[in-house]
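Residue strings, one per chain:
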Amino acid sequence: MSHTKKHFILNLIFSREVSKLRFNVVTIFIPLGTLYPDFYPSIIAMNGTSASAAVTPQPLLITPAEVASEFSHHHPSVARINNGGLGCCPSSLLFSQRQIQMQWLRQPDEFFFNQIQPGMLRSRNFIKDLINADHVDEVSIVDNASTAVSIVLQHMAWGFAEGRFHPGDATVMFHCAYGSVKKSVEAYFVRAGGSVIEVPLPFPLNSEDEIVQEFRQALEKAKQSNRRVRLAIFDHVTCMPSVVIPVKELVTICREAGVDHIFIDGAHGIGCVDVDMKQIGADFYTSNLHKWMFCPPSAAFLYCRRSSESSSLHHLVVTHEYGNGLARESTWIGTRDYSAQLVVPEVLEFVNRFEGGIDGIKRRNHDGVVEMGMMLAKAWGTHLGCPPHMCSSMVMVGLPACLGVLSDEHTWKLRTYLRDKFGVEVSIYYRPPKDGEVGPLTGYTRISYQVYNKVEDYYKFRDAINQLVHDAFTCASLPNS
Amino acid sequence: MQHEDPRNGESVHRGSKKSKLSSKFITESDIRDEFSHHHPSVARINNGSFGSCPGSVLTAQRHLQMQFLRQPDAFYFNTLRDGITASRKIIKDLINADHVDEVSLVDNATTAAAIVLQRIGRSFAEGKFQKNDTVLMLHCAFQAVKKSIQAYVTRAGGSVIEVRLPFPVNSEEEIISEFKKSIEEGKSNGRKIRLAIIDHITSMPSVVIPVKELVRICREEGIEQVFVDAAHAIGSVKVDVKEVGADFYVSNLHKWFFCPPSVAFLYCKKSASSSDLHHPVVSHEYGNGLPIESAWIGTRDYSSQLVVPAVLEFVNRFEGGIDGIMKRNHDEVVKMGKMLAESWGTNLGSPPEMSPAMIMVGLPSRMCLNSEEDAVTLRSHLRDHYDVEVPIFHQVSKDGEEGVRDKDGFITGYVRISHQVYNTLEDYEKLRDAINQLVEDGKTCKMLYKE
């Protein structure tokens, strides 16, 4: 802190001219004796804090320059508006991760015998608190949501193989479930004799009710066809198209309908929407920590509510830990680099440098992405895919119809074109027209907002699309890859 | 300290000979640099457990990690798949597989075991196999493999035959004859043996198994499929999958082939049922064949699978490449083993030709190593008090069999020493002296519990 600054603050305090400060600082009464250099920076940083909080020294909040530095390893000229895809990780966390990697390489046996288990337990306890789980035994750490899904679905397959489930017993899932989830259902549930009831997700949509209605209908369909629903599996935040699902309500409906197991694929959940296990009430919940929670690739958790059968879930890769409970089994699945999973608690230090911690980040990401989404929709003459309150840190924005996004293949081609020609990284979605619809938008983009994004990223995208429109570009004109 | 430098494959007379011939090869000080991240004061004679990775390969790996973090989407679409295919091609050539489609990259041998055994489990569940159809394994199979059999085979209704191999062992014939006997026993009651799991190099106690011969016997005896768990093999012994002739063959690349943790290859001989082998973690690639499925099992760090070309570059800096490294490791570990056995008055667990880069050396009977717990305690004690990292094996003597003796009693404990390019004579002398000290102080394993 410069001498001038300190001098300035001292003068203000003595003269009680606090109102002259352009920051919204409440009058603070500070005994002279408590004044010390470290305190001054926090006064500048505080906005609207109470008197009692003012007296306690608060950590310095991260500055925009520091944020830029934390993500300086990102490609400098790419408008990276797809955080929902593969996430991001700040350099301070990468640094911590590297230290763990080096510890292992330095003396792996010692690390295996003395460090891994306590480290994994620390990570699991951290996650347990973050998600408001009852007990750390309910928290297993796995690579990613796909692994978690396979674990739960293999458990279901055993249900069929061991006669607890009967051929034809059903699973209910959204038609737009993530690709790996659909395949996992095919590989484990259907192959073992189960059937699938798909719930169409209306899109674009205007309210949660539309989703709830479709879901109810699907459960009714199961009832009509005398099929027992063994598993309901649905997203917390769908991937494509991306909307926030009213999970609490769906859980209630499932319980009322007597669904055996409720599994929420919250891949995007943590760091993006509120994730509270007790409030949500599902049997299983998984979320990636490397998407919106700043962990390096890759770390995820699988929450399994304690029940009579939670002890019979197993990791797919079996080691000497087999039978010690899924949480313990997941801590060792053979020689591998576990550093991404061991570094998880350090995320707290990073997110707490932001105002409001992770909640502040979530809120600002949401506000930012909605603002940018509306800016784009206005510039392109389109609309958002759902109301703002159903958006997380991602939002669907309609693309101008003249671009002619008419198939899934077009979405890949357009995405590649935007990456290669315009330096824009963003996901594109094809929304097939429904029977009887007149002139619906068939192309949408999913933009993300994370702490490293700047308004220029979205301007770049806006201008790229406007350029394509101006040039009478159509997806059909793109060559086959 | 004057000692033989094993690295250049020639006996040392310090000076002219070495400098003339070895200038184009990696030098002793280069090697020290490459492994300078290892704990400097630990005698690290357990390469067999967790392997090792040189600094230049770690740098290459880091570069790949940063590439991903820089622009992950572009990396996923443009770099990842091709990079894994390039690694698979290198491995296909290394192991003499027919086609790159036969080579999948997975995390480790443990994962490969789950892949193969999950399919066996499914075959029971789907009625292709009958109750009590059998899986055959070695008694000393790696614990993860045993548990995998329990999780996927026993649970699904299958039964297990264990083949107890002799140890200490004097010749391959002993193993072959024991194996034949167990198959006979197993086939009695008309049980069908659906899968035999055979180690190429057993873990504990560690010996090289004559796999080619055992696979041939399996075929003769009508065993349907053979899975060779060669976790230790690549970089340690010659690996020729066509010669071995198994249906499945897995080896870790991070143990003896200098890859970072972790990566292994699973070779699956092309057959009518190859398309029904799946990675247990299902992604959108499901159904595209195991190699493609394994190349994407969700968002993760795949850098250890992509870095294989850099590893090849590293091993080729050594005279004779990986073959030269293997030979020198073998020669040295046998030499060190003999040195220890002589100093302790004990034995080697197997003859030199059955010990690749690892060898079992008997511990003095006076240590009274009488349980698995004793072995763990001694190992920790050596780590904590002597800075020596070496795994210890408790030899349970078979009923009615006379064990091997030293001058004081039966030898019930063995160390498994490894030799890799970073090891020096001092490492083994440290172990030698530590054990001699314990014996001199009259310490038995039980007494170490209190310390």
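Residues numbered from 1 in each chain as written. Chains lettered and ligands numbered in written order. Predicted model: local features only at pLDDT ≥ 70, side-chain atom pairs only at ≥ 80, totals over all residues. Heavy atoms only, no water.

For the rest of this paragraph, the subject is the UniProt feature "domain: Aminotransferase class V" (unreviewed entry) in chain A. Within the UniProt annotation, "domain: Aminotransferase class V" (unreviewed entry) is assigned to residues 119-309 of chain A. Annotated as residues 119-309 of chain A, this span is 38% helix and 19% strand, and its ends, taken at the C-alpha atoms, are 27 Å apart. (UniProt positions renumbered as here; feature names shortened; annotations may be inferred. Helix = DSSP H or I, 4+ residues; strand = E, 2+ residues; numbered from the N terminus.)

What follows is about the UniProt feature "coiled-coil region" (unreviewed entry) in chain A. Mapped onto this structure's residue numbering, the UniProt feature "coiled-coil region" (unreviewed entry) falls at residues 205-232 of chain A. Helix makes up 61% of residues 205-232 of chain A and strand 14%, and the two end C-alpha atoms of the span are 22 Å apart.

What the rule picks out here adds up to 39 aromatic pairs over all chains. When the centroid spacing of 6.5 Å and the interplanar angle of 50° are considered together, the rings of Phe35 of chain B and Phe258 of chain B count as tilted. Taken together, the residues span a long stretch of sequence, with Phe35 of chain B in the loop between helix 2 (28-34) and strand 1 (43-44) and Phe258 of chain B in the loop between helix 11 (253-256) and strand 8 (264-268) at a distance of 223 residues. Like Phe35 of chain B, the residue Phe258 of chain B is buried in the burial classification. Where Phe258 of chain B meets Phe314 of chain B, the ring centres are 5.0 Å apart and the plane angle is 65°; that geometry is what we call edge-to-face. With Phe258 of chain B in the loop between helix 11 and strand 8 and Phe314 of chain B in helix 14 (residues 308-315), the pair connects residues that are 56 residues apart, well separated along the chain. Clustering of aromatic rings is evident, with ring pairs tying together Trp104, Phe111, Phe112, Phe113, Trp332 and Tyr338 of chain A together with Phe50 of chain B. A cation over a ring is seen here: Arg44 of chain B above Tyr422 of chain B, with NZ or CZ 5.8 Å from the ring centre. Over the ring of Phe410 of chain B we find Arg405 of chain B; its NZ or CZ atom is 4.9 Å from the centre of that ring. (Phe/Tyr/Trp six-rings, centres within 6.5 Å; stacked < 30°, edge-to-face > 60°. Buried < 20%, exposed > 50% of the residue type's maximum accessible area, 1.4 Å probe, protein only. Lys NZ or Arg CZ within 6 Å of the ring centre and 35° of its normal.)

Glancing now at the side chain of Ser184 of chain A. Turning to its location among the elements, Ser184 of chain A is positioned in helix 9 (residues 179-190). Ser184 of chain A has contacts with Val149, Ser150, Leu153 and Phe189 of chain A together with Val282 of chain B, leaving out every residue within four places of it along the chain. (Contact = heavy atoms within 4.5 Å.)

Residue and element names in this part refer to chain B. Taken together, three strands build an open sheet; the order of strands is 9-12-11 and the sheet is antiparallel. Strands with a single pairing partner mark the edges of an open sheet, and in this sheet they are strand 9 (358-362) and strand 11 (392-394). Ignoring strand direction, the axes of neighbouring strands in this sheet form an average angle of 30°. Relative to strand 12 (residues 413-418), strand 11 runs antiparallel, the two being bridged by three bridges. Residue pairing in the sheet places Phe393 in a bridge with Tyr414 of strand 12. (Pairing = 2+ DSSP bridges. Axes fitted to C-alpha atoms, helices over the stretch in contact; angles between N-to-C directions.)

Turning to the interface of chain A and chain B, a few remarks are in order. On the chain B side, the residues contacting the 61 residues of chain A number 61 residues. Between chain A and chain B the total buried area reaches about 5500 Å² when both faces are included, carbon and sulfur atoms providing 57% of it. On the chain A side of the contact with chain B, Leu86, Arg106 and Arg191 of chain A bury the most area, a combined 14% of that side's loss. Seen at the junction of chain A and chain B, the total is seven salt bridges. The residue Asp107 of chain B makes a salt bridge to Arg336 of chain A at a minimum N-O spacing of 3.0 Å. Scanning the region where chain A abuts chain B turns up 30 residue pairs in polar contact (both at pLDDT 80 or more). When contributions to the side of chain A that touches chain B are tallied by element, the ones reaching two or more residues are helix 6 (91-106), helix 7 (108-131), helix 8 (145-161), helix 9 and helix 17 (408-422) of chain A. (Buried area = accessible area lost by both parts, 1.4 Å probe. Salt bridge = Lys/Arg side-chain N within 4 Å of Asp/Glu carboxyl O. Polar contact = N/O pair within 3.5 Å; in protein donor to acceptor, adjacent residues only side chain to side chain.)

Looking at where Ser96 of chain A falls in the secondary structure, it is placed in helix 6. Residues within four places of Ser96 of chain A in sequence aside, it is in contact with Val343 and Glu346 of chain A.

The next point concerns the nonpolar core. Core analysis: the biggest nonpolar cluster contains 271 residues, and Phe215, Phe234 and Ile447 of chain A together with Phe265 of chain B have the highest contact counts within it. Counting 31 residues, the second largest nonpolar core, distinct from the first, contains Ala43, Val333, Ile435 and Val439 of chain B. (Core = buried A, V, L, I, M, F, W, Y, C linked by side-chain atoms within 4.5 Å.)

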